[in-house]
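Chain and residue survey
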Amino acid sequence: MTINYIPELKYSDYQDLSEQVHFQSTEGKIWFGEQRMLLLQVSAMANFRRELVNSLGIERAKGFFLRLGYQSGLKDAEMARKLRPNSPDSQMFLVGPLLHSLKGMVKVKPMQLEVDQESGHFYCEFEWIDSFEVEACQTELGLMEEPVCWSLLGYACAYTSSFMQREIIIQETSCRGCGDERCIIIGKPAEEWENAVEFKRYFQADPIIEELYELQSQVSSLRKCLERQEGQYYGIGQSPAYKKVCKTIDKAARGKVSVLLLGESGVGKEVIARSVHLRSERADKAFVALNCAAIPPELIEAELFGVEKGAYTGANQTRLGRFERANGGTIFLDEVVELTPRAQATLLRVLQESELERVGDSRTRKVDVRVIAATNESLADAVEAGKFRSDLYYRLNVFPVQIPPLRERLEDLPLLAEHFLQKFHLQYHKRTLGLSDKALELCLHYAWPGNIRELENVIERGVILTDSNETIGQDALFAVFPKTGNLRGDRLNADGALVQATDTETSTGWLTQIFEKNVSMDAVEEQLMRHAMELAQQNVSQAARMLGLTRPALAYRLKKSGILGDSGAA
Ligand SMILES: [Zn+2]
(Lines give C-alpha, C1' and ligand atoms only; values in the text may rest on other atoms or scores of the structure.)
Protein backbone atom coordinates (compact mmCIF):
# COMPACT_ATOMS: atom_id res chain seq x y z
CA MET A 1 0.00 0.00 0.00
CA THR A 2 1.35 3.39 -0.96
CA ILE A 3 0.28 6.75 0.34
CA ASN A 4 1.70 9.97 -0.90
CA TYR A 5 0.14 12.39 1.52
CA ILE A 6 0.31 12.34 5.29
CA PRO A 7 -1.74 14.69 7.41
CA GLU A 8 0.02 16.47 10.25
CA LEU A 9 0.34 14.13 13.25
CA LYS A 10 -2.27 14.74 15.92
CA TYR A 11 -2.44 14.11 19.65
CA SER A 12 -4.74 11.14 19.10
CA ASP A 13 -2.06 9.42 17.04
CA TYR A 14 0.06 9.25 20.17
CA GLN A 15 -2.50 7.90 22.55
CA ASP A 16 -1.67 4.19 22.38
CA LEU A 17 2.01 5.06 22.64
CA SER A 18 1.88 7.49 25.54
CA GLU A 19 -0.13 4.90 27.47
CA GLN A 20 2.97 2.74 27.41
CA VAL A 21 4.89 5.20 29.55
CA HIS A 22 4.91 4.42 33.27
CA PHE A 23 6.75 6.28 35.99
CA GLN A 24 7.59 3.92 38.80
CA SER A 25 9.29 6.57 40.86
CA THR A 26 9.33 4.67 44.14
CA GLU A 27 11.33 1.94 42.42
CA GLY A 28 13.58 4.37 40.58
CA LYS A 29 12.33 3.26 37.19
CA ILE A 30 10.61 4.63 34.11
CA TRP A 31 9.05 2.15 31.70
CA PHE A 32 8.11 2.37 28.07
CA GLY A 33 6.31 -0.87 27.38
CA GLU A 34 8.86 -3.37 28.53
CA GLN A 35 11.84 -1.10 28.02
CA ARG A 36 13.41 0.70 30.94
CA MET A 37 13.97 4.33 30.03
CA LEU A 38 15.94 7.30 31.31
CA LEU A 39 15.18 10.98 31.66
CA LEU A 40 18.39 12.69 30.73
CA GLN A 41 19.16 16.40 30.41
CA VAL A 42 19.87 17.54 26.85
CA SER A 43 22.64 19.72 28.26
CA ALA A 44 24.39 16.68 29.76
CA MET A 45 24.09 14.91 26.42
CA ALA A 46 25.43 18.02 24.68
CA ASN A 47 28.42 18.08 26.97
CA PHE A 48 29.13 14.42 26.40
CA ARG A 49 28.85 14.94 22.67
CA ARG A 50 31.32 17.78 22.68
CA GLU A 51 33.75 15.67 24.68
CA LEU A 52 33.47 12.79 22.22
CA VAL A 53 33.96 15.07 19.23
CA ASN A 54 36.96 16.73 20.80
CA SER A 55 38.66 13.55 21.90
CA LEU A 56 37.80 11.23 19.00
CA GLY A 57 37.22 13.58 16.11
CA ILE A 58 33.97 14.21 14.22
CA GLU A 59 33.92 11.06 12.10
CA ARG A 60 34.38 8.72 15.02
CA ALA A 61 31.92 10.58 17.23
CA LYS A 62 29.38 10.51 14.43
CA GLY A 63 29.76 6.71 14.28
CA PHE A 64 29.15 6.40 18.02
CA PHE A 65 25.94 8.43 17.89
CA LEU A 66 24.66 6.72 14.77
CA ARG A 67 25.09 3.37 16.50
CA LEU A 68 23.54 4.68 19.71
CA GLY A 69 20.41 5.62 17.75
CA TYR A 70 20.56 2.36 15.83
CA GLN A 71 20.19 0.20 18.96
CA SER A 72 17.24 2.24 20.09
CA GLY A 73 15.57 2.03 16.66
CA LEU A 74 15.78 -1.77 16.58
CA LYS A 75 13.87 -2.05 19.84
CA ASP A 76 11.17 0.35 18.76
CA ALA A 77 10.45 -1.38 15.44
CA GLU A 78 9.63 -4.49 17.42
CA MET A 79 7.30 -2.49 19.61
CA ALA A 80 5.54 -0.94 16.59
CA ARG A 81 4.63 -4.34 15.21
CA LYS A 82 3.32 -5.45 18.60
CA LEU A 83 1.34 -2.28 19.33
CA ARG A 84 -0.45 -1.87 16.03
CA PRO A 85 -0.65 -5.39 14.62
CA ASN A 86 -3.73 -4.82 12.54
CA SER A 87 -3.16 -1.27 11.34
CA PRO A 88 -2.31 -0.35 7.74
CA ASP A 89 1.44 -0.31 7.04
CA SER A 90 1.74 3.45 7.12
CA GLN A 91 -0.01 3.69 10.49
CA MET A 92 2.19 0.98 11.89
CA PHE A 93 5.25 2.61 10.45
CA LEU A 94 4.45 5.99 11.95
CA VAL A 95 5.07 4.55 15.42
CA GLY A 96 8.74 5.27 14.85
CA PRO A 97 8.43 8.98 14.04
CA LEU A 98 5.80 9.31 16.78
CA LEU A 99 8.13 7.78 19.32
CA HIS A 100 10.85 10.20 18.30
CA SER A 101 8.48 12.98 19.14
CA LEU A 102 7.18 11.34 22.28
CA LYS A 103 10.70 10.90 23.63
CA GLY A 104 11.29 14.60 23.11
CA MET A 105 13.96 14.18 20.53
CA VAL A 106 12.43 15.83 17.50
CA LYS A 107 9.08 16.79 16.00
CA VAL A 108 8.55 14.81 12.83
CA LYS A 109 6.60 16.33 9.95
CA PRO A 110 5.96 13.72 7.27
CA MET A 111 6.10 15.18 3.76
CA GLN A 112 5.96 12.01 1.73
CA LEU A 113 5.69 8.35 2.72
CA GLU A 114 5.43 5.31 0.50
CA VAL A 115 5.51 2.10 2.47
CA ASP A 116 4.51 -1.40 1.38
CA GLN A 117 5.76 -4.24 3.52
CA GLU A 118 4.57 -6.87 1.09
CA SER A 119 6.41 -5.60 -1.99
CA GLY A 120 9.22 -4.08 0.06
CA HIS A 121 8.74 -0.69 -1.55
CA PHE A 122 9.81 2.24 0.60
CA TYR A 123 10.36 5.94 0.15
CA CYS A 124 10.03 8.76 2.65
CA GLU A 125 10.71 12.45 2.97
CA PHE A 126 10.30 14.01 6.41
CA GLU A 127 11.15 17.29 8.01
CA TRP A 128 12.70 17.19 11.46
CA ILE A 129 11.69 20.17 13.50
CA ASP A 130 13.51 21.22 16.69
CA SER A 131 15.95 18.35 16.69
CA PHE A 132 17.58 18.04 20.11
CA GLU A 133 20.86 17.28 18.37
CA VAL A 134 20.89 20.59 16.55
CA GLU A 135 20.35 22.29 19.89
CA ALA A 136 23.06 20.23 21.59
CA CYS A 137 25.49 21.05 18.81
CA GLN A 138 24.76 24.73 18.75
CA THR A 139 25.29 25.19 22.47
CA GLU A 140 28.48 23.17 22.74
CA LEU A 141 30.13 23.03 19.33
CA GLY A 142 28.70 25.85 17.24
CA LEU A 143 27.86 25.59 13.56
CA MET A 144 29.10 22.35 12.01
CA GLU A 145 30.12 21.69 8.43
CA GLU A 146 27.86 18.68 7.89
CA PRO A 147 24.43 17.51 9.10
CA VAL A 148 24.46 16.80 12.82
CA CYS A 149 21.31 14.79 13.60
CA TRP A 150 23.35 11.64 14.01
CA SER A 151 21.54 9.53 16.61
CA LEU A 152 18.15 10.45 15.11
CA LEU A 153 19.43 9.19 11.79
CA GLY A 154 20.81 5.98 13.28
CA TYR A 155 17.44 5.40 14.90
CA ALA A 156 15.56 6.03 11.66
CA CYS A 157 17.80 3.67 9.68
CA ALA A 158 17.47 0.81 12.17
CA TYR A 159 13.77 1.33 12.70
CA THR A 160 12.92 1.44 9.01
CA SER A 161 15.18 -1.43 8.02
CA SER A 162 13.79 -3.61 10.78
CA PHE A 163 10.24 -2.60 9.94
CA MET A 164 10.67 -3.24 6.21
CA GLN A 165 12.80 -6.36 6.74
CA ARG A 166 15.25 -4.97 4.21
CA GLU A 167 18.07 -2.50 4.31
CA ILE A 168 16.79 1.06 4.18
CA ILE A 169 19.14 4.01 4.50
CA ILE A 170 17.94 7.38 5.72
CA GLN A 171 20.12 10.40 5.11
CA GLU A 172 19.83 14.00 6.08
CA THR A 173 19.96 16.09 2.91
CA SER A 174 19.90 19.40 4.72
CA CYS A 175 20.32 20.25 8.41
CA ARG A 176 19.99 23.33 10.57
CA GLY A 177 23.07 22.17 12.48
CA CYS A 178 25.20 23.10 9.51
CA GLY A 179 23.39 26.28 8.61
CA ASP A 180 20.55 25.01 6.38
CA GLU A 181 17.07 26.32 6.83
CA ARG A 182 15.48 22.99 7.69
CA CYS A 183 16.42 19.45 8.65
CA ILE A 184 15.18 17.23 5.83
CA ILE A 185 15.62 13.47 5.70
CA ILE A 186 15.10 11.14 2.79
CA GLY A 187 14.79 7.38 3.13
CA LYS A 188 15.04 4.70 0.46
CA PRO A 189 16.52 1.20 0.00
CA ALA A 190 20.30 1.00 0.42
CA GLU A 191 20.94 0.05 -3.21
CA GLU A 192 19.36 3.29 -4.37
CA TRP A 193 22.01 5.34 -2.56
CA GLU A 194 25.31 5.95 -4.33
CA ASN A 195 27.21 6.37 -1.08
CA ALA A 196 25.65 3.36 0.64
CA VAL A 197 28.93 1.50 1.28
CA GLU A 198 30.54 4.59 2.73
CA PHE A 199 27.57 5.34 4.91
CA LYS A 200 27.19 1.79 6.20
CA ARG A 201 30.73 1.91 7.52
CA TYR A 202 29.49 4.07 10.39
CA PHE A 203 27.49 1.14 11.65
CA GLN A 204 30.40 -1.25 11.81
CA ALA A 205 32.23 -1.86 15.06
CA ASP A 206 34.71 0.89 15.55
CA PRO A 207 38.35 -0.12 15.07
CA ILE A 208 39.51 2.35 17.70
CA ILE A 209 40.68 -0.45 19.97
CA GLU A 210 43.09 -1.70 17.36
CA GLU A 211 44.35 1.80 16.81
CA LEU A 212 44.89 2.14 20.54
CA TYR A 213 46.80 -1.13 20.67
CA GLU A 214 48.93 0.08 17.79
CA LEU A 215 49.65 3.34 19.58
CA GLN A 216 50.31 1.48 22.79
CA SER A 217 52.93 -0.68 21.14
CA GLN A 218 54.51 2.41 19.60
CA VAL A 219 54.70 4.05 23.01
CA SER A 220 56.34 1.02 24.56
CA SER A 221 58.90 0.73 21.78
CA LEU A 222 59.70 4.44 22.09
CA ARG A 223 60.06 4.01 25.81
CA LYS A 224 62.48 1.14 25.28
CA CYS A 225 64.40 3.33 22.88
CA LEU A 226 64.69 6.03 25.52
CA GLU A 227 65.82 3.52 28.12
CA ARG A 228 68.50 2.34 25.75
CA GLN A 229 69.74 5.84 25.23
CA GLU A 230 69.83 6.39 28.96
CA GLY A 231 71.92 3.34 29.57
CA GLN A 232 73.67 3.77 26.22
CA TYR A 233 74.51 0.34 24.94
CA TYR A 234 73.47 -1.38 28.11
CA GLY A 235 70.37 -3.12 26.85
CA ILE A 236 71.63 -3.30 23.28
CA GLY A 237 72.08 -6.96 22.73
CA GLN A 238 70.00 -10.07 22.33
CA SER A 239 72.66 -12.73 22.66
CA PRO A 240 72.10 -15.16 25.52
CA ALA A 241 75.54 -14.29 26.94
CA TYR A 242 74.68 -10.63 27.15
CA LYS A 243 71.12 -11.09 28.37
CA LYS A 244 72.48 -13.09 31.27
CA VAL A 245 74.75 -10.22 32.22
CA CYS A 246 71.88 -7.74 32.04
CA LYS A 247 69.74 -9.89 34.30
CA THR A 248 72.53 -10.18 36.86
CA ILE A 249 73.10 -6.45 36.77
CA ASP A 250 69.43 -5.67 37.19
CA LYS A 251 69.47 -7.72 40.36
CA ALA A 252 72.54 -5.93 41.66
CA ALA A 253 71.39 -2.43 40.74
CA ARG A 254 69.02 -1.95 43.68
CA GLY A 255 70.70 -1.66 47.02
CA LYS A 256 74.22 -0.61 47.88
CA VAL A 257 76.20 -3.79 47.40
CA SER A 258 79.60 -3.33 45.73
CA VAL A 259 79.78 -4.65 42.21
CA LEU A 260 82.91 -5.99 40.57
CA LEU A 261 82.92 -5.87 36.77
CA LEU A 262 85.26 -8.34 35.10
CA GLY A 263 86.14 -8.53 31.44
CA GLU A 264 88.57 -7.53 28.74
CA SER A 265 89.34 -3.95 27.99
CA GLY A 266 86.75 -2.22 25.80
CA VAL A 267 83.78 -4.45 26.67
CA GLY A 268 81.90 -1.43 28.00
CA LYS A 269 82.47 -1.66 31.74
CA GLU A 270 82.00 2.05 32.40
CA VAL A 271 78.74 2.11 30.46
CA ILE A 272 77.52 -0.86 32.45
CA ALA A 273 78.61 0.78 35.70
CA ARG A 274 76.63 3.86 34.71
CA SER A 275 73.63 1.65 33.97
CA VAL A 276 73.86 0.11 37.43
CA HIS A 277 73.86 3.63 38.83
CA LEU A 278 70.91 4.74 36.68
CA ARG A 279 68.91 1.73 37.78
CA SER A 280 69.61 2.28 41.47
CA GLU A 281 67.88 4.53 43.99
CA ARG A 282 70.90 6.81 43.63
CA ALA A 283 70.13 7.62 40.00
CA ASP A 284 69.58 11.32 40.63
CA LYS A 285 72.86 11.67 42.54
CA ALA A 286 76.40 11.88 41.17
CA PHE A 287 78.13 9.20 39.13
CA VAL A 288 81.90 9.63 39.28
CA ALA A 289 84.26 7.50 37.17
CA LEU A 290 87.99 7.15 37.60
CA ASN A 291 90.53 5.01 35.84
CA CYS A 292 93.02 4.18 38.55
CA ALA A 293 95.71 3.33 36.00
CA ALA A 294 95.53 6.85 34.57
CA ILE A 295 96.57 8.58 37.80
CA PRO A 296 100.24 8.53 38.96
CA PRO A 297 100.49 6.28 42.04
CA GLU A 298 101.76 9.13 44.25
CA LEU A 299 98.64 11.20 43.50
CA ILE A 300 95.97 8.50 43.62
CA GLU A 301 95.14 8.96 47.31
CA ALA A 302 94.67 12.70 46.96
CA GLU A 303 92.57 12.16 43.84
CA LEU A 304 90.29 9.65 45.54
CA PHE A 305 90.01 10.96 49.05
CA GLY A 306 90.87 14.66 48.72
CA VAL A 307 93.70 16.73 50.10
CA GLU A 308 94.07 19.43 52.75
CA LYS A 309 95.99 22.58 51.89
CA GLY A 310 99.69 22.16 52.72
CA ALA A 311 99.53 18.39 53.01
CA TYR A 312 102.52 18.16 50.71
CA THR A 313 104.58 20.42 48.46
CA GLY A 314 102.29 21.66 45.71
CA ALA A 315 99.08 21.15 47.69
CA ASN A 316 98.27 24.85 47.57
CA GLN A 317 94.62 24.51 48.36
CA THR A 318 92.13 22.11 49.85
CA ARG A 319 90.55 19.90 47.22
CA LEU A 320 87.65 17.45 47.40
CA GLY A 321 88.40 13.90 46.40
CA ARG A 322 86.29 11.83 44.02
CA PHE A 323 84.63 10.03 46.91
CA GLU A 324 83.36 13.23 48.45
CA ARG A 325 82.16 14.42 45.05
CA ALA A 326 80.29 11.15 44.60
CA ASN A 327 78.65 11.43 48.03
CA GLY A 328 75.14 9.98 47.92
CA GLY A 329 75.87 8.51 44.50
CA THR A 330 78.16 5.98 42.87
CA ILE A 331 81.88 5.83 42.18
CA PHE A 332 83.30 3.68 39.41
CA LEU A 333 86.91 2.61 39.86
CA ASP A 334 88.32 1.10 36.69
CA GLU A 335 91.55 -0.92 36.84
CA VAL A 336 91.22 -1.06 40.60
CA VAL A 337 94.19 -3.45 40.77
CA GLU A 338 96.45 -0.44 40.16
CA LEU A 339 95.66 1.13 43.55
CA THR A 340 98.67 1.64 45.85
CA PRO A 341 98.69 -0.33 49.14
CA ARG A 342 97.85 2.85 51.08
CA ALA A 343 94.98 3.71 48.79
CA GLN A 344 93.75 0.11 49.11
CA ALA A 345 93.75 0.47 52.89
CA THR A 346 91.74 3.71 52.75
CA LEU A 347 89.30 2.23 50.27
CA LEU A 348 88.74 -0.72 52.58
CA ARG A 349 87.95 1.69 55.40
CA VAL A 350 85.47 3.59 53.23
CA LEU A 351 83.75 0.33 52.38
CA GLN A 352 83.66 -0.88 55.98
CA GLU A 353 83.05 2.30 57.97
CA SER A 354 81.72 4.73 55.34
CA GLU A 355 84.29 7.29 56.44
CA LEU A 356 87.55 8.78 55.18
CA GLU A 357 90.20 11.38 55.95
CA ARG A 358 91.60 13.70 53.33
CA VAL A 359 95.33 13.51 52.77
CA GLY A 360 97.01 15.74 55.38
CA ASP A 361 93.84 16.04 57.44
CA SER A 362 93.02 14.51 60.82
CA ARG A 363 89.27 15.06 60.62
CA THR A 364 87.14 12.05 59.80
CA ARG A 365 84.34 12.62 57.27
CA LYS A 366 81.31 10.46 56.64
CA VAL A 367 80.62 9.47 53.05
CA ASP A 368 77.83 7.42 51.53
CA VAL A 369 79.12 6.12 48.24
CA ARG A 370 78.42 2.96 46.34
CA VAL A 371 81.54 1.42 44.83
CA ILE A 372 81.62 -0.30 41.46
CA ALA A 373 85.08 -1.62 40.66
CA ALA A 374 86.41 -3.10 37.46
CA THR A 375 89.51 -4.89 36.34
CA ASN A 376 90.96 -6.54 33.25
CA GLU A 377 93.29 -8.70 35.27
CA SER A 378 92.34 -11.38 37.71
CA LEU A 379 92.14 -9.85 41.18
CA ALA A 380 92.56 -13.29 42.67
CA ASP A 381 95.92 -13.58 40.90
CA ALA A 382 96.89 -10.13 42.17
CA VAL A 383 96.06 -11.25 45.71
CA GLU A 384 98.14 -14.37 45.18
CA ALA A 385 101.05 -12.24 44.00
CA GLY A 386 100.76 -10.04 47.08
CA LYS A 387 99.85 -7.02 44.95
CA PHE A 388 96.29 -6.65 46.21
CA ARG A 389 94.89 -6.89 49.75
CA SER A 390 92.85 -10.03 50.20
CA ASP A 391 90.39 -8.36 52.65
CA LEU A 392 89.69 -5.63 50.09
CA TYR A 393 89.32 -8.27 47.39
CA TYR A 394 86.63 -10.09 49.38
CA ARG A 395 84.92 -6.81 50.10
CA LEU A 396 84.79 -5.87 46.40
CA ASN A 397 84.03 -9.34 45.14
CA VAL A 398 80.57 -9.54 46.76
CA PHE A 399 78.87 -9.30 43.39
CA PRO A 400 81.19 -10.20 40.52
CA VAL A 401 79.86 -9.83 36.97
CA GLN A 402 81.77 -11.27 34.03
CA ILE A 403 81.16 -9.25 30.87
CA PRO A 404 81.69 -11.31 27.71
CA PRO A 405 84.05 -10.06 25.01
CA LEU A 406 82.49 -8.93 21.74
CA ARG A 407 83.71 -12.02 19.85
CA GLU A 408 81.55 -14.15 22.16
CA ARG A 409 78.43 -12.14 21.35
CA LEU A 410 78.85 -11.35 17.67
CA GLU A 411 75.07 -11.70 17.23
CA ASP A 412 74.88 -8.31 18.92
CA LEU A 413 77.33 -6.67 16.54
CA PRO A 414 74.76 -5.45 13.97
CA LEU A 415 72.75 -3.77 16.74
CA LEU A 416 75.82 -2.17 18.25
CA ALA A 417 77.03 -1.07 14.81
CA GLU A 418 73.64 0.55 14.18
CA HIS A 419 73.84 2.31 17.52
CA PHE A 420 77.25 3.79 16.72
CA LEU A 421 76.18 4.68 13.18
CA GLN A 422 73.36 6.77 14.58
CA LYS A 423 75.69 8.36 17.09
CA PHE A 424 78.27 9.36 14.47
CA HIS A 425 75.67 10.42 11.91
CA LEU A 426 74.53 12.97 14.46
CA GLN A 427 78.04 13.95 15.40
CA TYR A 428 79.25 14.44 11.82
CA HIS A 429 75.96 15.77 10.42
CA LYS A 430 75.68 13.20 7.69
CA ARG A 431 73.66 10.13 6.90
CA THR A 432 75.33 7.18 5.22
CA LEU A 433 73.42 4.14 4.04
CA GLY A 434 75.07 1.99 6.67
CA LEU A 435 77.50 -0.88 6.32
CA SER A 436 77.74 -2.78 3.06
CA ASP A 437 76.92 -6.47 3.37
CA LYS A 438 80.54 -7.26 2.72
CA ALA A 439 81.73 -4.85 5.42
CA LEU A 440 79.28 -6.33 7.90
CA GLU A 441 80.44 -9.80 7.03
CA LEU A 442 84.02 -8.78 7.60
CA CYS A 443 83.01 -7.40 11.00
CA LEU A 444 81.30 -10.65 11.86
CA HIS A 445 84.46 -12.62 11.09
CA TYR A 446 86.80 -10.42 13.01
CA ALA A 447 87.86 -11.24 16.56
CA TRP A 448 87.69 -7.67 17.92
CA PRO A 449 90.55 -7.74 20.43
CA GLY A 450 89.63 -4.16 21.39
CA ASN A 451 85.98 -5.16 21.82
CA ILE A 452 83.15 -2.61 21.65
CA ARG A 453 85.53 0.35 21.91
CA GLU A 454 87.34 -0.90 18.80
CA LEU A 455 84.03 -1.35 16.98
CA GLU A 456 83.10 2.21 17.90
CA ASN A 457 86.39 3.53 16.48
CA VAL A 458 86.01 1.50 13.31
CA ILE A 459 82.47 2.75 12.71
CA GLU A 460 83.54 6.32 13.36
CA ARG A 461 86.25 5.95 10.73
CA GLY A 462 83.72 4.47 8.31
CA VAL A 463 81.33 7.39 8.80
CA ILE A 464 84.11 9.96 8.36
CA LEU A 465 85.34 8.38 5.12
CA THR A 466 81.91 7.82 3.56
CA ASP A 467 79.71 10.49 1.99
CA SER A 468 76.03 10.89 2.79
CA ASN A 469 73.71 8.51 0.94
CA GLU A 470 76.57 6.13 0.25
CA THR A 471 77.23 2.72 1.71
CA ILE A 472 80.16 2.24 4.06
CA GLY A 473 82.44 -0.25 2.31
CA GLN A 474 85.05 -2.49 3.88
CA ASP A 475 87.87 -0.17 2.81
CA ALA A 476 86.35 2.73 4.72
CA LEU A 477 85.92 0.57 7.77
CA PHE A 478 89.39 -0.88 8.13
CA ALA A 479 92.54 1.10 7.36
CA VAL A 480 94.42 -2.17 7.13
CA PHE A 481 92.42 -5.30 6.58
CA PRO A 482 92.27 -7.31 9.79
CA LYS A 483 95.24 -9.61 10.15
CA THR A 484 94.65 -13.21 9.23
CA GLY A 485 95.28 -14.22 12.83
CA ASN A 486 92.32 -12.17 13.87
CA LEU A 487 90.05 -13.40 11.15
CA ARG A 488 88.09 -16.47 11.89
CA GLY A 489 89.51 -18.37 8.98
CA ASP A 490 86.50 -20.36 7.90
CA ARG A 491 85.62 -20.42 4.22
CA LEU A 492 83.58 -22.54 1.87
CA ASN A 493 85.37 -25.01 -0.38
CA ALA A 494 84.29 -25.98 -3.89
CA ASP A 495 81.78 -28.47 -2.50
CA GLY A 496 80.22 -25.84 -0.30
CA ALA A 497 81.65 -27.30 2.91
CA LEU A 498 83.09 -25.12 5.64
CA VAL A 499 86.86 -25.54 5.92
CA GLN A 500 89.62 -23.83 7.88
CA ALA A 501 91.51 -21.45 5.63
CA THR A 502 95.32 -21.60 5.73
CA ASP A 503 97.43 -18.47 5.92
CA THR A 504 98.46 -18.56 2.28
CA GLU A 505 94.90 -19.00 1.15
CA THR A 506 93.63 -15.87 2.78
CA SER A 507 93.76 -12.58 0.98
CA THR A 508 96.49 -10.87 2.91
CA GLY A 509 98.83 -13.84 2.45
CA TRP A 510 99.12 -13.55 -1.30
CA LEU A 511 98.83 -9.78 -1.28
CA THR A 512 101.91 -9.63 0.95
CA GLN A 513 103.71 -11.88 -1.47
CA ILE A 514 102.81 -9.65 -4.41
CA PHE A 515 104.21 -6.59 -2.68
CA GLU A 516 107.30 -8.41 -1.49
CA LYS A 517 108.07 -9.60 -5.01
CA ASN A 518 107.33 -6.22 -6.55
CA VAL A 519 104.84 -7.55 -9.09
CA SER A 520 103.03 -4.98 -11.26
CA MET A 521 99.27 -4.75 -11.53
CA ASP A 522 99.36 -5.70 -15.23
CA ALA A 523 101.37 -8.79 -14.40
CA VAL A 524 98.86 -9.75 -11.69
CA GLU A 525 96.03 -9.33 -14.15
CA GLU A 526 97.81 -11.41 -16.77
CA GLN A 527 98.52 -14.18 -14.25
CA LEU A 528 94.92 -14.20 -13.15
CA MET A 529 93.64 -14.48 -16.72
CA ARG A 530 96.12 -17.22 -17.66
CA HIS A 531 95.14 -19.23 -14.59
CA ALA A 532 91.45 -18.78 -15.26
CA MET A 533 91.86 -19.86 -18.91
CA GLU A 534 93.80 -22.88 -17.78
CA LEU A 535 91.11 -23.88 -15.27
CA ALA A 536 88.42 -23.28 -17.91
CA GLN A 537 90.35 -25.35 -20.45
CA GLN A 538 90.67 -22.32 -22.75
CA ASN A 539 86.91 -21.66 -22.75
CA VAL A 540 86.67 -17.82 -22.72
CA SER A 541 83.03 -17.69 -21.59
CA GLN A 542 83.70 -19.94 -18.62
CA ALA A 543 86.87 -18.08 -17.67
CA ALA A 544 84.95 -14.78 -17.89
CA ARG A 545 82.37 -16.10 -15.44
CA MET A 546 85.11 -17.14 -13.02
CA LEU A 547 86.58 -13.65 -13.14
CA GLY A 548 83.26 -11.88 -12.89
CA LEU A 549 83.64 -10.31 -16.36
CA THR A 550 81.51 -10.41 -19.51
CA ARG A 551 82.85 -12.56 -22.33
CA PRO A 552 83.64 -9.56 -24.61
CA ALA A 553 85.44 -7.78 -21.75
CA LEU A 554 87.66 -10.75 -21.05
CA ALA A 555 88.26 -11.41 -24.76
CA TYR A 556 89.40 -7.79 -25.16
CA ARG A 557 91.81 -8.06 -22.25
CA LEU A 558 93.14 -11.41 -23.42
CA LYS A 559 93.95 -9.95 -26.84
CA LYS A 560 95.45 -6.80 -25.34
CA SER A 561 97.83 -8.79 -23.15
CA GLY A 562 98.67 -11.15 -25.99
CA ILE A 563 97.41 -14.27 -24.27
CA LEU A 564 94.99 -14.83 -27.12
CA GLY A 565 95.79 -14.28 -30.82
CA ASP A 566 93.40 -12.63 -33.29
CA SER A 567 92.19 -16.05 -34.26
CA GLY A 568 90.15 -16.14 -31.09
CA ALA A 569 89.09 -19.11 -29.00
CA ALA A 570 86.00 -20.95 -28.00
ZN1 LIG B 1 19.48 18.08 11.40
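Fair warning: this is a prediction, and the values are worked out from it, not measured in the lab.

**Some words on a nonpolar patch on the surface**
Together, Y428, I464 and L465 line one region of the surface with nonpolar side chains, adding up to about 270 Å² of accessible area. Position of L465 relative to the elements: it lies in helix 19 (residues 451-465).

**What to know about the coordination of the zinc ion**
Here the zinc ion is held by C149 (SG), E172 (OE), C175 (SG) and C183 (SG), and the distances to it run 1.9 to 2.3 Å. Classification of the site at the zinc ion as tetrahedral follows from its four donor atoms and the range of 100 to 121° in their angles at the metal. Each donor residue of the zinc ion lies on the same chain, and together they follow the pattern C-x22-E-x2-C-x7-C. Linking C149 in the loop between helix 6 (132-140) and helix 7 (150-164) with E172 in strand 6 (residues 168-174), this pair joins segments that are 23 residues apart in sequence.

**A closer look at the packing of aromatic side chains**
Each aromatic ring pair is described using two quantities: the centre-to-centre distance and the angle formed by the ring planes. Inspection of the entire model under this criterion finds 16 aromatic pairs. Between Y70 and F203, the aromatic rings sit 4.9 Å apart at their centres with planes inclined by 50°, giving tilted as the arrangement. Of the two residues, Y70 sits in helix 3 (residues 58-83) while F203 sits in the loop between helix 8 (196-200) and helix 9 (208-230), which places them 133 residues apart along the sequence. Here Y393 and Y394 contribute two aromatic rings whose centre-to-centre distance is 5.3 Å and whose plane-to-plane angle is 50°, an arrangement assigned as tilted. Given the relative accessible area of 58%, Y394 is considered exposed. Through successive ring pairs, a cluster of aromatic residues spans F93, F122, Y155, Y159 and F163. The lysine or arginine in question, R409, covers the ring of Y242, its NZ or CZ lying 3.6 Å from the ring centre.

**Comments concerning a negative patch on the surface**
On the surface, a cluster of negative charge is made up of E338, E377, D381 and E384. Structurally, the position occupied by E384 is in helix 15 (residues 379-384). The class of E384 is exposed, set by a relative accessible area of 73%.

About the criteria used
- Residues numbered from 1 in each chain as written.
- Predicted model: local features only at pLDDT ≥ 70, side-chain atom pairs only at ≥ 80, totals over all residues.
- Heavy atoms only, no water.
- Patch = residues over 30% accessible without salt bridge, like charges linked within 9 Å, V, L, I, M, F, W, Y side chains within 5 Å.
- Areas by Shrake-Rupley, 256 points an atom, 1.4 Å probe, with all protein chains shown as cover.
- Salt bridge = Lys/Arg side-chain N within 4 Å of Asp/Glu carboxyl O.
- Helix = DSSP H or I, 4+ residues; strand = E, 2+ residues; numbered from the N terminus.
- Donors = N, O, S within 2.8 Å, 3.2 Å for Na, K, Ca; no water.
- Tetrahedral: all angles 85-135°; square planar, octahedral: opposite > 155°, others 65-115°.
- Phe/Tyr/Trp six-rings, centres within 6.5 Å; stacked < 30°, edge-to-face > 60°.
- Buried < 20%, exposed > 50% of the residue type's maximum accessible area, 1.4 Å probe, protein only.
- Lys NZ or Arg CZ within 6 Å of the ring centre and 35° of its normal.
- Lys, Arg positive; Asp, Glu negative; His and termini not counted.
- Charge placed at Lys NZ, Arg CZ, Asp CG, Glu CD.

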